[in-house]
Amino acid sequence: RKEVEQDPGPFNVPEGATVAFNCTYSNSASQSFFWYRQDCRKEPKLLMSVYSSGNEDGRFTAQLNRASQYISLLIRDSKLSDSATYLCVVNKGGSGNTPLVFGKGTRLSVIA
Amino acid sequence: EAGVTQFPSHSVIEKGQTVTLRCDPISGHDNLYWYRRVMGKEIKFLLHFVKESKQDESGMPNNRFLAERTGGTYSTLKVQPAELEDSGVYFCASSQVGQAKNIQYFGAGTRLSVL
């Protein structure tokens with residue numbers, strides 16, 4: 001079983017649509033959770049950290065369910081510029097400066 | 001403020017040759033990480049420095065890979081001799097020590113092609 005599993009997509013949605021991505025992780029010791037965004041042939045960039053209480057940043061909402069080891073990302077009112085690969089990322093385990101473990105990513109294409 | 005910088009951006013070498021990749025972390029970031037993405041796979045951790053010390057090198061594939069961070073500033077990753085399966089994108093990331101969430105910032109990567 002992969003450490004972080006995501007639906008690879010692609011998700012092809014029209015502008016203005018709402019789209020949701022899900023991810024599961026296997027290491028119950030993970031303490032830090034993130035969504036990164038990666039554009040084609042670019043580096044991963046932090047989109048948002050994910051907290052158990054849920055957090056929102058503009059059109060983006062992230063949720064974490066520790067009991068189910070499940071992370072989600074909701075994008076509302078999709079823009080063309082949201083087209084990218086979204087990476088579900090957790091830390092290797094424990095707190096502190098442990099390395100990151102990545103999912104393969106979910107590809108999103110927002111179409112005009 | 002400069003982000004994480006990596007050099008070169010691309011490298012094409014023949015099997016058996018040696019390649020050295022360089023990473024300059026964000027100034028003041030004592031944590032430095034190397035990751036790699038091979039085609040069709042997820043990004044995978046290689047190793048972690050705290051200042052000049054190797055904290056975790058559990059992801060290094062084999063002894064053809066040597067990473068250094070002399071003086072605790074920039075880091076190099078040398079592959080010698082390179083094999084075909086070493087092709088991929090090598091990312092470097094840095095973060096501040098002591099952060100609760102350990103947010104890592106990535107460089108643009110070095111795309112390595114071994115022919």
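It should be noted that the structure appears before, not after, this text.
To start, this report covers the structure provided alongside it. (Residues numbered from 1 in each chain as written. Chains lettered and ligands numbered in written order. Predicted model: local features only at pLDDT ≥ 70, side-chain atom pairs only at ≥ 80, totals over all residues. Heavy atoms only, no water.)

Comments concerning the environment of Asp77 of chain A
Residues and elements named next belong to chain A.
Working step 1: Along the chain, the position of Asp77 falls in the loop between β8 (70–75) and β9 (84–91).
Working step 2: Assessed through its relative accessible area of 35%, Asp77 is described here as partly exposed.
Working step 3: Sequence separation between Asp77 and Thr24 is 53 residues; the distance between their C-alpha atoms is 25 Å.
Working step 4: Discounting chain neighbours no more than four positions away, the residues touching Asp77 are Gly16, Ala17, Thr18, Arg59 and Asp82. (Helix = DSSP H or I, 4+ residues; strand = E, 2+ residues; numbered from the N terminus. Buried < 20%, exposed > 50% of the residue type's maximum accessible area, 1.4 Å probe, protein only. Contact = heavy atoms within 4.5 Å.)

Notes on the sheet that holds strand β6 (residues 55–57) of chain A
Residues and elements named next belong to chain A.
Working step 1: The strand order across the open sheet built from five strands is β1-β3-β8-β7-β6, with neighbouring strands paired in antiparallel fashion. Looking at the sheet topology across the chains shown, the edges are occupied by β1 (4–6) and β6. On average, each strand axis in the sheet is inclined to that of its neighbour by 20°, with strand direction left out of account.
Working step 2: By the bridge criterion, six bridges tie strand β3 (residues 19–25) to β8 in an arrangement that is antiparallel. Pairing of Ala20 across the sheet is with Leu74, part of β8. (Pairing = 2+ DSSP bridges. Axes fitted to C-alpha atoms, helices over the stretch in contact; angles between N-to-C directions.)

Here's the deal with the state of the cysteines
Working step 1: Taken as a whole, this structure holds two disulfides over all chains when the rule is applied.
Working step 2: With a sulfur-sulfur separation of 1.9 Å, Cys23 of chain A is cross-linked through a disulfide to Cys88 of chain A. Between Cys23 of chain A and Cys88 of chain A, the disulfide has an S-S torsion of -65° and is therefore left-handed. Here Cys23 of chain A is found in strand β3, whereas its partner Cys88 of chain A is found in strand β9, with 65 residues between them in sequence.
Working step 3: One disulfide in the model links Cys23 of chain B with Cys92 of chain B; its S-S distance is 1.8 Å. Taking the sign of the S-S torsion, about -65° here, the bridge from Cys23 of chain B to Cys92 of chain B comes out left-handed. Note that Cys23 of chain B is positioned in strand β3 (residues 19–24) and Cys92 of chain B in strand β9 (residues 88–95), a separation of 69 residues in sequence.
Working step 4: Here Cys23 of chain B falls in the buried class, since its relative accessible area comes to 0%. (Disulfide = S-S within 2.5 Å.)

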